[in-house]
Amino acid sequence: GGPAGMSAAVAAYESGIKDILILERDENLGGILQQCIHNGFGLHKFGEELTGPEYAWRYEKKVRELGIPFKLNTMVLDITEDKVITATNEEEGIFQIQAKAVILAMGCRERAKGALNIAGTRPSGIYSAGTAQKYVNMKGYMPGKEVVILGSGDIGLIMARRMTMEGAKVKAVCELMPYSGGLARNIQQCLVDFDIPLLLSHTVVEIHGKDRVTGVTIAKVDENRRPIEETKQYISCDTLLLSVGLIPENELSKCAGVMLDDKTNGALVDENRETNIPGIFACGNVRKVHELVDYVSEEAEIAGKSAASYLKGNYYRKERSLLQEEKKIQSVIPQKYPVLKNGKREMTCIICPKGCNLEIDLAENGQVLSVKGNTCKRGAKYAEEECTNPKRTITTTLRCEDGHMITVKTDTAIPKDKMFETMKLINQTVVNLPVSIGDILIKDVFGSNVIATQNRNK
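Visitor: Is there a simple way to think about the overall build of the chain in this case?
Guide: The helix and strand inventory of the chain stands at nine helices and 30 strands. In terms of overall dimensions, the chain is globule-like: its C-alpha atoms have a radius of gyration of 23 Å, near the 23 Å expected for 458 residues. Once the C-alpha set of the chain is aligned to its principal axes, its extents read approximately 70 × 55 × 45 Å. Within the chain, the proportion of its 458 residues that are buried is 49%. For the chain, long-range pairs separated by at least 24 residues make up 60% of all intrachain contacts whose partners lie at least 6 apart in sequence. Within the structure as shown, the chain displays about 22,200 Å² of accessible surface, and the carbon and sulfur contribution to it stands at 48%. If you average the places of the 59 positive and of the 59 negative side-chain charges in the chain, the two averages end up 2 Å apart.

Quick look at the structure:
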């Protein structure tokens, strides 16, 4: 029921298959996107920048309009090679479905602390970045006030900004590798914007604290990724967030006998996204962890159309040649770009995931003379604005009258130096229900409106 599952279901329906069922273990459709309240989704697929809940709603709305049935709060326990699905929920108990085709779209999960072998005790205050994201964005709870983050993937970078915007102090982001695995635009807008240090070739070697985390010891690592003893330093904190990688969720794939790729840990598929088991397809992050959800949706469309062709009997399967995926590592070596003496300034563009490196020629009065390195006109406009009047869009949550949180954003960018004032105003506001996506909840905040990015009924 996440972006992959819904996209595949819509594609199969539009290809002529009407007997479709989506099984979702959560209480809502949308998958992980419901807690990804930041913007940056949809630029490739829809040509506009959406938050996670807004992107998910585009597909959920289509599912509902087409009348595709779905079962929420339903946990799939087993899938056999013969496509017999065993699932359970409160209303029906344990039940089985004999399917003619199955599309696997279970997404991925975070690598946990147990895989890291960090020395120390087991105090509270250690969270995966995704768990912390759910607490802050969906439950309205702050995991802590003084934070160290291990891992510089996009979730870790985004949570560094999110925790800072909510009043926490992020003391450092440590990255084992000599480069970051996150997008360049996220390094700029999540770390550089807030003066959060990124320590490359560093890792956490010990966790301190008995009942609650009191601090961590970090160290620089050598070329073999082994800690260098003399570089150890202690950082006091009450929270450690782990952003150390995502793994395709393939327990059910294994049950069905689906072959997995030893490079990506995802399901092996052919160009039609069919696995080694005829009639079982896989798409999205269960196949491999994608950089953008837009690519997840596109791949899911292929799986949905292929499953429809399979069911209609006009499916062409040439000799099996499963796609071998190379494990791509995005190398980003960030730096804090200063204004250079010769009147040039360098910066990373945050307009889209490309994160172009821009070089700006400045006059003595600060006027922008020229911009180089941009691959679109928006990049040049961003560079000029960033030099003269930097702005950012805020994505956050607002408390409803029933105590639950609803996701919101400013409908236009606001002055960068007004972000914390805006956050204070939003945190003091309580909204009455019901609320629909696009509703204005706070008017005229530094020239912008705070609008809902999520539907919520009483």
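Visitor: How do you make sense of helix α9 (residues 419-427) when you look at a structure like this?
Guide: Turning to α9, its buried residues number three or more, namely Met419, Thr422, Met423 and Ile426. Mapping the buried residues of α9 onto a view down its axis gives an arc of 100°, with all of them on the same face.

Visitor: What is the right way to look at the sheet that holds strand β28 (residues 430-431) in this model?
Guide: The pairing of strands in a sheet happens through backbone hydrogen bonds and is either parallel or antiparallel. Reading across the sheet, the five strands line up as β28-β25-β26-β30-β29 and stay open at both edges, with mixed pairing between neighbours. The open sheet has two edge strands with one neighbour each: β28 and β29 (440-445). Inspection of the sheet shows β29 paired to strand β30 (residues 448-452) by three bridges, in the antiparallel sense. Counterpart to Val445 in the pairing with β30 is Ser448.

Visitor: Mind showing me how you'd approach the pattern of salt bridges here?
Guide: Proximity of charged atoms lets side chains of opposite charge pair with each other. Applying the stated rule across the entire model yields 20 salt bridges. Here Asp193 makes a salt bridge to Arg392, at a shortest N to O gap of 2.6 Å. Taken together, the positions of Asp193 in the loop between α5 (184-191) and β14 (198-200) and Arg392 in strand β24 (residues 391-392) put the pair 199 residues apart, joining distant regions of the chain. Ionic pairing is found between Lys254 and Glu251, a salt bridge with its closest N-O pair at 3.6 Å. Within this pair, Lys254 and its partner Glu251 are both found in helix α6 (residues 251-255), separated by three residues, close to a single helical turn.

Visitor: Quick question: what am I supposed to make of the packing of aromatic side chains here?
Guide: Here a ring pair, both rings aromatic, is described through the centre-centre distance and the interplanar angle of the planes. Across all of its chains, the model carries seven aromatic pairs by this definition. Where Phe194 meets Phe420, the ring centres are 6.1 Å apart and the plane angle is 80°; that geometry is what we call edge-to-face. Here Phe420 lies in helix α9 and Phe194 lies in the loop between α5 and β14, a separation of 226 residues in the sequence. Owing to a relative accessible area of 13%, Phe194 belongs among the buried residues under this scheme.

Visitor: Got a minute to help me understand the pairing of strand β15 (residues 202-208) in this structure?
Guide: In the case of a regular strand, side chains alternate between the two sheet surfaces. Where burial is concerned, most of β15 is hidden: five out of the seven residues are buried. Of the pairings in the sheet, the one linking strand β10 (residues 119-120) to β15 comprises two bridges and is parallel in character. Of the residues in β15, the one forming a bridge with Ala119 is Glu206. Relative to strand β16 (residues 215-220), β15 runs antiparallel, the two being bridged by six bridges. Following the sheet pairing, Glu206 is matched in β16 by Thr217. Two successive antiparallel strands, β15 and β16, enclose a turn made up of six residues, where Gly209 displays a positive phi of approximately 125°.

Visitor: Would you take a moment to explain helix α2 (residues 52-66) for this structure?
Guide: Note on helix geometry: an α-helix contains 3.6 residues per turn, so any two residues three or four positions apart are oriented the same way. Its 15 residues place the ends of α2 22 Å apart at the C-alpha level, agreeing with the 21 Å of an ideal helix rising 1.5 Å per residue. Gly67 sits one or two residues past α2 and shows a positive phi near 75°.

Visitor: So what exactly am I meant to see when it comes to unusual backbone geometry here?
Guide: With omega at 0°, the peptide bond leading from Leu433 into Pro434 counts as cis. Within the secondary structure, Pro434 is located in the loop between β28 and β29. Look at Arg225: it is not a glycine, yet its phi comes out positive at around 65°. Looking at the element boundaries, Arg225 is found in the loop between β16 and β17 (233-236). The backbone phi angle of Asn265 is positive, close to 65°, even though this residue is not glycine. Here Asn265 shows up in the loop between α6 and β20 (280-282). By relative accessible area, Asn265 is classed as partly exposed at 35%.

Visitor: What's the story with the state of the cysteines in this structure? I'm lost.
Guide: What we call a disulfide is simply a covalent bond connecting the sulfur atoms of a pair of cysteines. Summed over all chains, the structure comprises zero disulfides. No disulfide involves Cys400; its sulfur sits 19 Å from the nearest other cysteine sulfur, which is in Cys36. Of the residues examined, Cys400 reaches a relative accessible area of 2% and is grouped as buried.

Visitor: Quick question: what am I supposed to make of the nonpolar core here?
Guide: In globular proteins that are soluble, nonpolar side chains generally tend to be buried together. In this structure, Ile20, Tyr55 and Ile68 are the most contacted members of the largest nonpolar core, which totals 29 residues. In terms of residues, this core owes the most to one element, helix α1 (residues 3-14), which gives seven residues. What Ile20 contacts, discounting residues up to four positions off in sequence, is Ala9, Ala12, Tyr13, Ile68 and Pro69.

Visitor: Which parts of the structure should I look at to understand the sheet that holds β14?
Guide: The parallel open sheet is built from five strands, whose spatial order is β11-β18-β12-β13-β14. Looking at the sheet topology across the chains shown, the edges are occupied by β11 (126-128) and β14. Put simply, the sheet's adjacent strands are angled 20° from each other on average, direction ignored. Examined bridge by bridge, strand β12 (residues 146-150) and strand β13 (residues 169-175) share five bridges and lie parallel to one another. Its bridge partner lying in β13, Glu146 is registered against Lys169.

Visitor: Is there a simple way to explain the environment of Gly30 in this structure?
Guide: For Gly30, the location among the structural elements is in the loop between β1 (22-23) and β2 (39-41). For the pair Gly30 and Ser436, spaced 406 residues apart in sequence, the C-alpha separation works out to 16 Å. With near-sequence residues (within four places) excluded, Gly30 lies in contact with Gly1, Gly2, Pro3, Met6 and Ala56.

About the thresholds
- Residues numbered from 1 in each chain as written.
- Predicted model: local features only at pLDDT ≥ 70, side-chain atom pairs only at ≥ 80, totals over all residues.
- Heavy atoms only, no water.
- Helix = DSSP H or I, 4+ residues; strand = E, 2+ residues; numbered from the N terminus.
- Rg over C-alpha atoms; globule rule 2.2 N^0.38 Å.
- Buried < 20%, exposed > 50% of the residue type's maximum accessible area, 1.4 Å probe, protein only.
- Contact = heavy atoms within 4.5 Å.
- Areas by Shrake-Rupley, 256 points an atom, 1.4 Å probe, with all protein chains shown as cover.
- Lys, Arg positive; Asp, Glu negative; His and termini not counted.
- Charge placed at Lys NZ, Arg CZ, Asp CG, Glu CD.
- Arc of directions from axis to C-beta.
- Pairing = 2+ DSSP bridges.
- Salt bridge = Lys/Arg side-chain N within 4 Å of Asp/Glu carboxyl O.
- Phe/Tyr/Trp six-rings, centres within 6.5 Å; stacked < 30°, edge-to-face > 60°.
- Expected span 1.5 Å × (residues − 1).
- Disulfide = S-S within 2.5 Å.
- Core = buried A, V, L, I, M, F, W, Y, C linked by side-chain atoms within 4.5 Å.
- Axes fitted to C-alpha atoms, helices over the stretch in contact; angles between N-to-C directions.

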